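Single-letter residue listing:
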Amino acid sequence: MARHLFTAMLTAGALVGLLGSSSGARAEPPSSEEIVNAFEAVLGPIRTSRPSHAKGTCAAGHFTATPEGTRLSVAPVFNGQRVATVIRFGVGVGNPAGPDTGRTTRGLSIRFEMPSGDTWDMANISAPIFGSPTPEALVAGLLARRPDPATGQPNPQAVAAFVAANPATTLQARWLAATLPPASWATTPYWGVNAFRFQGADGEVRHARWVFEPAAGTQRLTEEETRTKPASFLADELRQRVARAPVEFDMVLQFPAPGDDVTNPTIAWPDDRPRAVVGRLVVTEVAPGPGGACDPISFLQLDMAPGVTYSEDPTLHARTGAYAVSLSRRLQ
Ligand code: HEM
């Protein structure tokens, strides 16, 4: 019930600022357990599906870095050889039956599997910004939306007070409300959102964010299609598309100018910042039905030292632990 409620909130885009920020100061960031408990407070206990991007389809393919990628990162993934990938396309709701037509994010998660056995993971979304500037804000925003046991609904005053006190938490929902959803998992950019540090072959370390840009171009549903398309069309559309030809994305790095904030994922850097195409992802297979190789894994190995390491963004630091706790609860 709560899970459906949460999805409805997301889909309508009515509640701006899904993932919010705390007004109370805390010395320590929330623990991974506290973060996942906050998701459960809204969605109910995690059983088998992810509390975020619960709906998804497994796929597979490969990634090859460009010479520019090899120059900009010494990580093995960027050595120019073809790297096998496990892929998961998702829909950013807490309900595995949530609609593909909602004004929520779509996800592109990738596990790069090196021949050495090393892996590098990323989980990207179809919005350039995240819904929360800090993990504290994420937890407080979720807890403000706990359903009241008496009504089964969140307390509107608590939500309104939270949103009013935490305007940064409204930015992603505003972007999503103003942007029609993708027509296909193959026709939207997917942003990594968090900044990382890239160590180049020249020894220099550069902050960067990335985006996967679709070779097919960006195509969105029409307003009418958001009302008339079936609740589940993305998986079959992708299967049919990949059966005709591989689906491809360019991985593009964006570099900040002095003064651009590398710590706050609710603020996108301006489009005119320098960019470099560092690789191409090719999707060659889509699972024929539910489940597959991506299901029992969590995309939590987010750095690949020394070539790609964490920035100072606090939300980035919260991710790995929370993903691991979530994984352990959904595989119990
Ligand atoms: C404070 C920061 C964050 C927290 C605590 C958080 C938490 C979570 C959790 C608990 C899951 C479920 C993991 C699992 O069960 O395998 C998840 C999945 C996901 N998150 Fe985050 N997240 C954060 C930031 C972000 C950001 C910035 C992005 C966007 C780039 C993002 C994109 C995703 C995606 C795409 C998935 C689905 C992964 C999959 O396909 O398995 N998250 N997140």
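The written sequence of each chain sets the order in which its residues are numbered from 1. With pLDDT at 70 or above as the cut-off, local features in this predicted model cover only qualifying residues; side-chain atom pairs require 80 or more to be listed or tallied, and sums for whole chains, interfaces and linings still use all residues. To get the side-chain values, all heavy atoms of the structure are used, and hydrogens and water are removed first.

Taking an unreviewed UniProt entry as the reference, the protein is identified by name as Catalase-related peroxidase belonging to Muricoccus vinaceus. UniProt positions are given in the numbering used here, feature names are shortened, and annotations may be inferred rather than shown by experiment. The Cofactor (unreviewed entry) field of the UniProt record for the protein holds the comment "heme".

This part covers the coordination of the iron atom of the ligand. Among protein atoms, the single one acting as a donor to the iron atom of the ligand is Tyr-323 (OH), 2.1 Å away. Helix and strand definitions follow DSSP, with helices as H or I runs of at least four residues and strands as E runs of at least two, each counted in order from the N terminus. Position of Tyr-323 among the secondary structure elements: in helix 9 (residues 314–330). Because water is not among the atoms used, a metal site may look incomplete, as its donors are only the N, O and S atoms within 2.8 Å, or 3.2 Å for Na, K and Ca.

Taking 1.5 Å as the rise per residue, helix 2 (residues 32–43) with twelve residues should run 16 Å; its terminal C-alpha atoms sit 17 Å apart, in good agreement. Summary of the burial criterion: residues with accessible area below 20% of their type's maximum are buried, those above 50% are exposed, and those between are partly exposed, where the area comes from a 1.4 Å probe applied to protein chains only. Listed as buried for helix 2 are Ser-32, Ile-35, Val-36, Ala-38, Phe-39, Val-42 and Leu-43. The buried residues of helix 2 occupy an angular sector of 150° when the element is viewed end-on, so they sit on one face. Looking one or two places after helix 2, you find Gly-44, whose phi comes out positive at around 90°. To estimate how far a helix should extend, the number of its residues minus one is multiplied by 1.5 Å. This arc corresponds to the set of directions leading from the helix axis out to the C-beta atoms.

By definition, a disulfide links the sulfur atoms of two cysteines through a covalent bond. When two cysteine sulfur atoms lie within 2.5 Å, the pair is treated as a disulfide. What the rule picks out here adds up to one disulfide. Sulfur-sulfur distance for the disulfide between Cys-58 and Cys-294 comes to 2.0 Å. In this structure, the disulfide formed by Cys-58 and Cys-294 twists by about -85° around the S-S bond and is classed as left-handed. In this pair, Cys-58 is assigned in strand 1 (residues 55–65) and Cys-294 in the loop between strand 9 (275–286) and strand 10 (308–310), connecting sequence segments 236 residues apart. Given the relative accessible area of 4%, Cys-58 is considered buried. Assessed through its relative accessible area of 0%, Cys-294 is described here as buried.

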